[in-house]
Amino acid sequence: MLERRWLEMTWRDGLFCHWPVDPAVVAETLPDRLSVATHDGDAYLSVVAFVMDDIRPRGVPVGLSFPELNLRTYVEGPEGAGVYFYNLDADDRLGVSVARRLFALPYYRAEMDASPVGDAGRSGGEGGAVRFTSRRTHRGVPQARFDATYEPTGEAFAAEPGSLDAFLVENYRFYAQGDRLYRGEITHEPWTLRPATVDCRTNTLFEANGFDRPDGDPLVHYAEPIDVGADRIRSV
């Protein structure tokens, strides 16, 4: 439950790629006060790419839009279960600067593009193939690149409560370690997901965050567009 709905936005062209990993791999990377959350004994690392569309304070008629790319895991924290962000790369110089200056959060500037493939007339978020590219341009931090094309392949569904799908996507709280531990809250209707394929040509997010590349293929979800409300970030 949000204390206050500070921001409104739409997330579209969402890609979730989830890799199971040994919980010990994640545990050694977490800050104090966070512990690993698991599903059937596995921890997960997830690469999430999407476009944040029409981001605006509530009541403001026009907002900003830009792609975002993050690497995250799943944790238990002092305010309850949530996701923990290792990086938040975004193609928005002002937003990245504010987040880093005010909270020292792991936001990094990047040149990014999310474009429909094979149908130039398709408007964003209609469920066709998307090519998502990112090249980190932030100075003084490990470089990271991502280049993938993804496409929904099956019928839309909602994650069943208690399922692995729900564990991975139905999260409404996040944590990030900056100059202290911070948490944020969001709200939205349950995700509408679709099975998807992904052709990932480049992905150096694991190496940039000090991880070995996980073995095997990821579990992949395509996410239909969704309206999101967000509270301001608070220290824990």
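Look a little higher up for the structure.
Everything numeric here is computed off the predicted structure, so don't read it as measured data. (Residues numbered from 1 in each chain as written. Predicted model: local features only at pLDDT ≥ 70, side-chain atom pairs only at ≥ 80, totals over all residues. Heavy atoms only, no water.)

A. Spatial organisation of the overall build of the chain. Within the chain, the secondary structure is distributed over 4 helices and 14 strands. A separation of at least 24 residues holds for 68% of the contacts in the chain among residues at least 6 apart in sequence. On the chain, roughly 11,300 Å² of surface is accessible, and the fraction owed to carbon and sulfur atoms is 47%. (Helix = DSSP H or I, 4+ residues; strand = E, 2+ residues; numbered from the N terminus. Contact = heavy atoms within 4.5 Å. Areas by Shrake-Rupley, 256 points an atom, 1.4 Å probe, with all protein chains shown as cover.)

B. Seen up close, the pairing of strand 1 (residues 7–21). Burial analysis of strand 1 places 12 of its 15 residues in the buried class, the great majority of the element. For strand 1 and strand 13 (residues 226–230), the ladder comprises 5 bridges, and the chain directions are antiparallel. Note that in strand 13 the partner of Leu7 across the bridge is Ala230. Looking at chain direction, strand 1 and strand 3 (residues 43–57) are connected through 12 bridges and run antiparallel. Looking across to strand 3, one finds that Glu8 is bridged to Arg56. (Buried < 20%, exposed > 50% of the residue type's maximum accessible area, 1.4 Å probe, protein only. Pairing = 2+ DSSP bridges.)

C. Highlighting the packing of aromatic side chains. Applying the stated criterion to the full structure yields 11 aromatic pairs. Ring geometry for Trp11 versus Phe50: centroids 5.0 Å apart, planes at 50°, classification tilted. Of this pair, Trp11 sits in strand 1 while Phe50 sits in strand 3, and the two are 39 residues apart along the sequence. This pair shows no difference in class: Trp11 is buried, exactly as Phe50 is. A ring pair is formed by Phe85 and Phe174, whose centres lie 5.5 Å apart and whose planes are at 55°; its orientation type is tilted. Separated by 89 residues along the polypeptide, Phe85 in strand 5 (residues 80–90) and Phe174 in strand 9 (residues 173–177) bring together distant segments of the chain. Here the two residues Phe85 and Phe174 agree in accessibility, since each one is buried. One aromatic cluster in this structure is built from Trp11, Phe16, Phe50 and Trp191. (Phe/Tyr/Trp six-rings, centres within 6.5 Å; stacked < 30°, edge-to-face > 60°.)

D. Quick peek at the nonpolar core. Core analysis: the largest hydrophobic core is formed by 35 residues, its most contacted members being Leu45, Val47, Leu69, Tyr86 and Phe132. Setting aside chain neighbours within four positions, we find Phe132 in contact with Ala49, Phe50, Pro67, Glu68, Leu69, Met112, Asp113, Ala114, Phe146, Asp147, Ala148 and Tyr150. Judged by nonpolar contacts, the second largest core, of 31 residues, contains Phe16, Ile55, Tyr107 and Ile226. (Core = buried A, V, L, I, M, F, W, Y, C linked by side-chain atoms within 4.5 Å.)

E. The layout of surface pockets, seen in detail. Size it by volume and the second largest pocket reaches roughly 160 Å³. Along the walls of the second largest pocket sit 14 residues, with Trp19, Cys200, Asn203, Arg213 and Pro218 positioned nearest its centre. Of all the elements in the fold, those that place two or more residues in the lining of the second largest pocket are strand 1, strand 8 (145–152) and strand 11 (193–203). For the lining of the second largest pocket, a count of residues per class yields 10 nonpolar, 2 polar and 2 charged. (1 Å grid on protein atoms, 1.4 Å probe; cavity = no way out; pocket = protein on both sides within 12 Å on 5 of 7 lines; lining within 4 Å. Points joined across faces, edges and corners; volume = space filled by probe spheres on them. Nonpolar A, V, L, I, M, F, W, Y, C, P; charged D, E, K, R; others polar.)

F. Unusual backbone geometry, seen in detail. For Asp40, which is not glycine, the phi dihedral falls at a positive 50°. By the secondary structure assignment, Asp40 is in the loop between strand 2 (35–36) and strand 3. With relative accessibility at 73%, the residue Asp40 sits in the exposed group. Although it is not a glycine, Asp54 adopts a positive phi angle of roughly 55°.

G. Here's a closer look at the pattern of salt bridges. Evaluation of the coordinates by the stated rule reveals 12 salt bridges. Shared partners join several salt bridges into a network, and the residues in it are Arg131, Asp147, Asp199 and Arg201. (Salt bridge = Lys/Arg side-chain N within 4 Å of Asp/Glu carboxyl O.)

H. Representation of the pairing of strand 9 within the structure. Summarising the sheet, strand 5 and strand 9 pair through 2 bridges and their orientation is parallel. Residue Val83 lies in a different strand from strand 9, and its bridge partner there is Phe174. Of the strand pairs in this sheet, strand 9 and strand 10 (residues 181–187) are connected by 5 bridges, and their pairing is antiparallel. Within the sheet, the bridge partner assigned to Ala176 lies in strand 10 and is Tyr182. Counted between consecutive antiparallel strands, the loop separating strand 9 from strand 10 contains 3 residues.

I. Structural context of the environment of Arg201. Here Arg201 shows up in strand 11. On the accessibility criterion, Arg201 (38% relative accessible area) is partly exposed. When the C-alpha positions of Arg201 and Ala148 are compared, they lie 5.7 Å apart, and in sequence the two are 53 residues distant. Within polar-contact distance, the side chain of Arg201 engages the side chain of Thr149 at 2.8 Å. (Polar contact = N/O pair within 3.5 Å; in protein donor to acceptor, adjacent residues only side chain to side chain.)

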